[in-house]
Amino acid sequence: MKESDNIFAKPLEKVPDFVFNEDVVNVFPDMIKRSVPGYPTIVENIGVIAAQYAQPNSLVYDLGCSLGAVTQALRRHIKQPNCQILAVDNSAPMVKRCQEYLTAQDAMYQELTPTQVVEADIITMPWQRASVVTMNFTLQFISPEQRLAVLTAIHQHLDPQGVLLLSEKLRFDDEKEQQTLNELHLAFKRANGYSELEIAQKRTAIENVMKIDTFAIHQERLLKAGFSKVTLWFQCLNFASMIALP
Ligand SMILES: Nc1ncnc2c1ncn2[C@@H]1O[C@H](C[S@+](CC[C@H]([NH3+])C(=O)[O-])CC(=O)[O-])[C@@H](O)[C@H]1O
Ligand SMILES: O=C(O)C(=O)Cc1ccccc1
């Protein structure tokens, strides 16, 4: 069932925009591990950090949950009584497979935080109060014009003792730094077995759908949305994760 990613291995006449469809879902665990340096470390530690902020009797959102890697870490680490996780994604095949993986996790552990997987668009969904919100490489797929509104809604519904954990691919204003980290990311992909063709076609596929920001832009926008403090807790090459306090 878990296949290796060869979606961009053959030359495509026209590379279509990247979508989270059935084909991507089938290879997603392999794709994200081979494409995002630090991903396993980020996922596990989001669970650890979230557990420090989760409040008793509260909701925890995992926005853009994909196959629920972060959701699973949250379920294992959060020990506060009466928490509930809402895992949200707008890709139907992701939601379906995510639910299957969570059921499998239920059979392996006791005392996991109860979880619901919901197919919904972050832009239009109704918000409930929450103590923790995670967005692990999800904001970058929301159009730049809508990002401030999403973060403002999150801040408005966040417990004062809570947290937003936000991971994103970053770009850099300094041309040399941008070039260096981009080259090193390409080296990471090559080391994980991706060919030049795969790397090039994937880049074409995501360039219209994944518009990335600098850390300064993220920080400024989070402060504008109402957050009081933004801390970079992890960076591996051009992939980073932030703690935003309400
Ligand atoms: N508007 C939207 N509403 C809901 N979901 C959305 C929206 N836009 C995109 N998505 C969903 O956000 C996810 C982004 S992947 C997250 C990885 C996961 N967090 C992980 O830790 O494994 C990141 C990546 O592939 O680089 C996809 O599943 C989209 O369907
Ligand atoms: O930045 C890249 O080159 C990526 O490949 C990031 C990525 C990882 C998984 C799905 C979409 C984008």
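All figures in this text were calculated on a predicted structure; none of them were measured in a lab.

Participant: Honestly, the site of ligand 1 in this entry has me stumped. Any pointers?
Facilitator: The immediate surroundings of ligand 1 are formed by 21 residues, with G64, N90, S91, N136 and F137 found nearest. Contributing elements (two or more residues each) for the shell around ligand 1: α3 (69–77) and β2 (84–89). Classifying every residue of the shell around ligand 1 by side-chain character gives 13 nonpolar, 6 polar and 2 charged.

Participant: Any chance you could explain the confidence of the model for the protein chain here in plain terms?
Facilitator: When pLDDT drops low, the exact placement of atoms in the prediction is not to be read closely. Averaged over every residue, the pLDDT of the protein chain is 98; the share at 70 or more is 100%. Scoring the predicted complex yields pTM 0.98 and, for the interface, ipTM 0.98.

Participant: Help me out: how do you make sense of the packing of helix α2 (residues 39–53) against α3 in this one?
Facilitator: A pair of packed helices can be characterised by two numbers: the angle between their axes and the separation between those axes. Following both chains from N to C, one finds α2 and α3 inclined at 40°, their axes separated by 8 Å at the closest point. Here α2 is positioned oblique relative to α3, judged by the angle of their axes. Here α2 runs over α3; the crossing is right-handed. Where α2 approaches α3, its residues V43, E44, I46, G47, V48, A50 and A51 are matched on the opposing element by A69, V70, A73, L74, R76 and H77. Along the lines of polarity and charge, the residues of the contact of α2 with α3 split into 9 nonpolar, 2 polar and 2 charged.

Participant: It is not clear to me how the pairing of strand β4 (residues 130–136) should be interpreted in this structure. Could you clarify?
Facilitator: A regular strand carries its side chains on alternate faces of the sheet. Most of β4 sits inside the fold, with 7 of its 7 residues counted as buried. Pairing of strand β1 (residues 59–63) with β4, which is carried by 3 bridges, proceeds in the parallel orientation. In the sheet register, D62 faces β4, and the bridge partner there is T134. Examined bridge by bridge, β4 and strand β5 (residues 158–169) share 6 bridges and lie parallel to one another. Within β5, the residue paired with M135 across the bridge is L166. Following the backbone out of β4, through helix α5 (residues 144–156) and into the adjacent parallel β5, one traces a crossover that is right-handed.

Participant: Help me understand the UniProt feature "domain: Methyltransferase" (unreviewed entry) in the protein chain in this model?
Facilitator: Per the UniProt record, "domain: Methyltransferase" (unreviewed entry) is found at residues 60–162. Counting secondary structure, residues 60–162 comes out at 38% helix and 26% strand; the distance between its end C-alpha atoms is 10 Å.

Participant: Looking at this model, I keep getting lost on the site of ligand 2. Mind explaining?
Facilitator: Surveying the vicinity of ligand 2 reveals the residues M31, I32, S35, V36, K169, K202 and I206. At the level of elements, α1 (22–35) and α7 (196–206) are the ones that each hand at least two residues to the shell around ligand 2. Ranked by residues supplied to the shell around ligand 2, first place goes to α1 with 3 residues. By residue class, the composition of the shell around ligand 2 is 4 nonpolar, 1 polar and 2 charged.

Participant: Help me understand the sheet that holds β2 in this model?
Facilitator: Hydrogen bonds along the backbone pair up the strands of a sheet, which may run parallel or antiparallel. Within the open sheet, the 7 strands sit side by side as β3-β2-β1-β4-β5-β7-β6. Their pairing is mixed. With one partner strand each, in any of the chains shown, β3 (115–119) and β6 (229–236) form the two edges of the open sheet. Strand-to-strand twist of the sheet, defined as the mean angle between neighbouring strand axes without regard to direction, takes the value 15°. With 7 bridges connecting them, β6 and strand β7 (residues 239–245) associate as antiparallel partners. By the bridge assignment, V230 is partnered in β7 with A244. Against the sheet, helix α4 (residues 92–108) engages β2 and β3, with an angle of about 165° to β3.

Participant: Looking at this model, I keep getting lost on the UniProt feature "binding site: S-adenosyl-L-methionine" (unreviewed entry) in the protein chain. Mind explaining?
Facilitator: Per the UniProt annotation, the sites labelled "binding site: S-adenosyl-L-methionine" (unreviewed entry) are Y39, G64, C65, S66, D89, N90, D121, I122, N136 and R203. Over a stretch of 165 residues, the named residues are scattered through the fold, their C-alpha atoms separated by up to 24.6 Å. Within the secondary structure, Y39 is located in helix α2. For Y39, the residues in contact, after removing those within four places along its chain, are I32 and K33. Summarising the element assignment, D89 is placed in strand β2. Contact partners of D89, with chain neighbours within four places excluded, come to G64, C65, S66, M94, V95, C98 and E119.

Cut-offs applied
- Residues numbered from 1 in each chain as written.
- Chains lettered and ligands numbered in written order.
- Predicted model: local features only at pLDDT ≥ 70, side-chain atom pairs only at ≥ 80, totals over all residues.
- Near = placed C-beta within 6 Å.
- Helix = DSSP H or I, 4+ residues; strand = E, 2+ residues; numbered from the N terminus.
- Nonpolar A, V, L, I, M, F, W, Y, C, P; charged D, E, K, R; others polar.
- pLDDT = per-residue confidence, 0-100.
- Axes fitted to C-alpha atoms, helices over the stretch in contact; angles between N-to-C directions.
- Parallel < 35°, antiparallel > 145°, perpendicular 65-115°, else oblique.
- Left-handed = near helix turned anticlockwise from the far one by under 90°.
- Contact = placed C-beta atoms within 7 Å.
- Buried ≥ 20, exposed ≤ 12 C-beta atoms within 10 Å, placed from the backbone.
- Pairing = 2+ DSSP bridges.
- Right-handed = clockwise from strand over helix to strand, strands pointing away.
- UniProt positions renumbered as here; feature names shortened; annotations may be inferred.

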